[in-house]
Structure formats: structure tokens, C-alpha cells
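Structural characterization, general
Read off the chains here:
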Amino acid sequence: MNVTKDIQYVGVNDHKIDLFEGQYAVPNGMTYNSYVIVDDKIAVMDTVDIKFKDEWLANIAAVLGDRKPDYLIIQHMEPDHSANIKNFLEIYPDTTVVGNAKTFAMMNQFFQLDASVKRLTVTDKGTLELGKHVLTFLFAPMVHWPEVMVTYDSADKALFSADAFGKFGALDVEEDWDDEARRYFIGIVGKYGMQVQKLLQAAAALDIEIICPLHGPVLTENLNHYIEKYDIWSSYRPEREGIMIAYASIYGNTKQAAELLAAKLEEKGSKVVLADLAREDMAKCVADAFQYDTLVLASVTYNGDIFPVMKTFIHGLTERSYQNRKVAFIENGTWAPTAKKTMEGLLAKSKNITFAEQVVTIRSAVNAGVQESIEKLAEELCAK
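Before going into details, it helps to say that this report is about the structure given with it. (Residues numbered from 1 in each chain as written. Predicted model: local features only at pLDDT ≥ 70, side-chain atom pairs only at ≥ 80, totals over all residues. Heavy atoms only, no water.)

A word on the overall build of the protein
Helix and strand counts for the protein stand at twelve helices and 21 strands. The dimensions of the protein, computed from C-alpha atoms along their principal axes, are 80 × 35 × 35 Å. Burial analysis of the protein (384 residues in total) assigns 56% to the buried set. Contacts spanning at least 24 positions in sequence make up 70% of the contacts within the protein whose residues lie at least 6 apart. Measuring between centres, the 39 positive side-chain charges of the protein sit 5 Å from its 54 negative side-chain charges. (Helix = DSSP H or I, 4+ residues; strand = E, 2+ residues; numbered from the N terminus. Buried < 20%, exposed > 50% of the residue type's maximum accessible area, 1.4 Å probe, protein only. Contact = heavy atoms within 4.5 Å. Lys, Arg positive; Asp, Glu negative; His and termini not counted. Charge placed at Lys NZ, Arg CZ, Asp CG, Glu CD.)

Written out as C-alpha cells, the structure reads:
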């Protein structure tokens, strides 16, 4: 695939994978992107997952023909992008491997490379000339590993963005970018918003017309949309007004209360997302909580604590710096309802959280008093 006249795509689609990083469901597969820049000198940008060694090397050979690559640039040492460094060097032993000092420290941990391998250690804002293509390396530590760097090609105005601007899903499947990119970002990069903000500030000084990520499609149109999404996600601002109700129910009574609240809120014109934490994809639930400005947590009291999936969900939020939201509670307990206290405590260190005044407490089952509390909570959440 031609990205530009001189930039060729040599990545692969993975439809064998079921869980990315061992935890994120990817029903539409995954893509591992790699690129070749053809100029007076040739640079290969990153490798791919080890399972696709032969396909990737065949893609490179098809682009190069009789020519040999001069550089293998490694922007990120996570194995889905670096696993084939040694295999590549067995085919192209005269290639110079390009990375920063942290890159090579990690490379030594993953591989036992021969001392004869050529290495070029680059610095932040350092450059590499291929001919008319001049590459500038911008360090992006903790987006989302400490050695990460991105590369700007001034000739084609292309930003090779490492894992930034990536998404779940293979390239041969049509799907909405926002949803799967959000789930990818919040799940994998979400903890490192401050570092992403620094990268966005550095990128703002560049004239970018193409974004070439290591996962997902090459972005060539409406780049402001993707950059705006990254700015929102990494600054932990809600994308839109709306209310997510996340519930954990055993016998259906807490679920009933959550559904009653959802119906009341929709009657009042609110956008509502209802999530059964025991049955739905946890990564999507966490991403949805970041999408909307209001969250309702509804849980049974369980072993003097909260239901395990609710604890997992809240941990998923706080681990990723959940903040700047309004949060309300529904709790259930037959003899000692303490779920609200526990859930609020788990959010105690989260910044700029406003807790709703109205709390819905269920003692076993929904009754008239509970319904009245639900109505009051709906009114409070819809009041602007």
C-alpha cells in the first residue's frame, strides 16, 4: 500500500488474536503497522508481531526489490512492534538499527544481538537524513513505555506516531474509529495523560498532513478530529453530556433500580448508557465512563464490601486517573448496606469529582421509597 510516493505500508493484519495484551477483546482483530521510506537511503519503521515474521519480511522484499535497507528505526520496544528485530537482521545484516539509549537498553533485554550489529543512538530532536526525507525524532516517554519516540518526516509531512493515534481492529474491517480508538487509548495509554499532552504540544509545532500509527489506519483526512479526541482523552475531559449507569447485581434488584433510573433519565431527555459490569466488556465500560460527564455506580453490598466486578471497574477508572466528573450512588444491602461508603472511598483520591447529594439505598428489593429516591436522583442529575 502506498502511503505516499516514497512511504510504503508493509504491515500485517492479525485475525488469529482474541485478546490483545492478554486482556482486551478484539473481535475484529488487530493490525501491526510497519512502513518503508524509500529515498537515497532506505529506512524501515518498526517490525511486527513475531507470528507474522514471514509475511512482514515478504512485504518488505516486495517493496525493496534488489535494494537493501540502510536503517531499521525502532520507535517502541513492546514485542508487537519489536519482536522481529533479530529476524530482520539475519536477512539484512548490514542494516543500522536506530533507537535511543533506552531503546537499546531494552533491546539487550529482549535479544542477544551480536556485537557486530550496527547501532545509531539518537537524541531528542535529533535528525537523520535519507535524502530529501529528513527524519526528526521526538522523544515521547511513557506514551506508554519509557523508550517511546515518534518520528517526523518533513518531506511528506508525515508523523510516525508509535502507539499514539492507534486503535483496535484489523485494516480489512470497516468500523468506527472513535469507539475502538477510545477503548484502546483509555485502556492502554489512559494513565499517561500528562505525557500525551506533552507530545501533543510538541506535535503542534509540526506541519502534519499524515499520521502513521503502529496500530490502526493511516490518518490522512480531518486530522483535527483525531488530535482533538486525543486532547480530550489525555486531559480527562468528558467528550459529551450523558449519564453512564454501571451496575453489579446478584438477584436482579439492583439491576431493576438501575433500569428504573435509566428510564427516568431518558424521560427527562438525558443520554443514558446502561452497563451490566458482570456481562459486558470491562474495557468498553471503562472507556464509556470516560466518555460521559456523569457516572452512576450501582452495587450490592458483598462480604462487607462491594461486588467484585464493581471493584474491578472502579479500579479501572482510578488507575487511569478518572476525574472531572459527577458521580452518584445506588447501594443495596439486606442487613447492612455499605456499598456507597466503599465506592466513594475508592474514588477518594480522584480529582475534581462531585458526588450527588441524593443516594439511593435499597434494602433487598425496590419499593415505593426506593422509587421516590430514584426520582429525586434523576431530578438532581438532570438539573443544570
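Describing the pairing of strand β12 (residues 134-139)
Bridge count between strand β11 (residues 127-129) and β12: three bridges; the pairing is antiparallel. In the strand pairing of β12, E129 is matched with V134. Connecting β11 to the next strand, β12, in antiparallel fashion are four residues, including G131 with a positive phi near 145°. (Pairing = 2+ DSSP bridges.)

Side note on the side chain of H144
Summarising the element assignment, H144 is placed in the loop between β12 and β13 (149-153). Among the polar contacts made by the side chain of H144, one reaches the side chain of E78 at a distance of 3.1 Å. At a separation of 3.0 Å, a polar atom in the side chain of H144 contacts the side chain of D163. If we ignore the near neighbours within four places in the chain, the residues touching H144 are E21, H76, E78, D163, I188, V189 and Y192. (Polar contact = N/O pair within 3.5 Å; in protein donor to acceptor, adjacent residues only side chain to side chain.)

A few points about the sheet that holds β13
Within the open sheet, the five strands sit side by side as β11-β12-β13-β14-β15. Their pairing is mixed. Since the sheet does not close on itself, it has two edges, and those belong to β11 and β15 (210-212), each with one partner. Here the average twist between neighbouring strands, direction ignored, is 20°. Sheet topology note: the β12/β13 ladder contains five bridges and is antiparallel. Across the sheet, the residue bridging to T136 is Y152, located in β13. (Axes fitted to C-alpha atoms, helices over the stretch in contact; angles between N-to-C directions.)

Quick word on the packing of helix α8 (residues 253-267) against helix α12 (residues 368-382)
Contact geometry for α8 and α12: axes closest at 9 Å, N-to-C directions at 45°. Comparing the axis directions of α8 and α12 gives the class oblique. Classified by chirality, the crossing of α12 by α8 is right-handed. Within the contact between the two elements, α8 uses A257, L260, L261, K264 and L265 and α12 uses Q371, I374, E375, L377, A378, L381 and C382. Its residues assigned to classes, the contact of α8 with α12 shows nine nonpolar, one polar and two charged. (Parallel < 35°, antiparallel > 145°, perpendicular 65-115°, else oblique. Left-handed = near helix turned anticlockwise from the far one by under 90°. Nonpolar A, V, L, I, M, F, W, Y, C, P; charged D, E, K, R; others polar.)

Structural notes on the sheet that holds strand β6 (residues 35-38)
The strand order β1-β6-β7-β8-β9-β10 describes an open sheet built from six strands, whose pairing is mixed. Only two strands of the sheet have a single partner each, and these edge strands are β1 (7-9) and β10 (118-121). Averaged over neighbouring strand pairs, the angle between their axes works out to 25° when direction is ignored. Sheet strands in contact with helix α1 (residues 53-64) are β1, β6 and β7 (42-45), and its direction is about 15° off that of β6. Helix-sheet contacts for helix α4 (residues 101-110) involve β9 (96-99) and β10, and the interaxial angle to β9 is about 120°.

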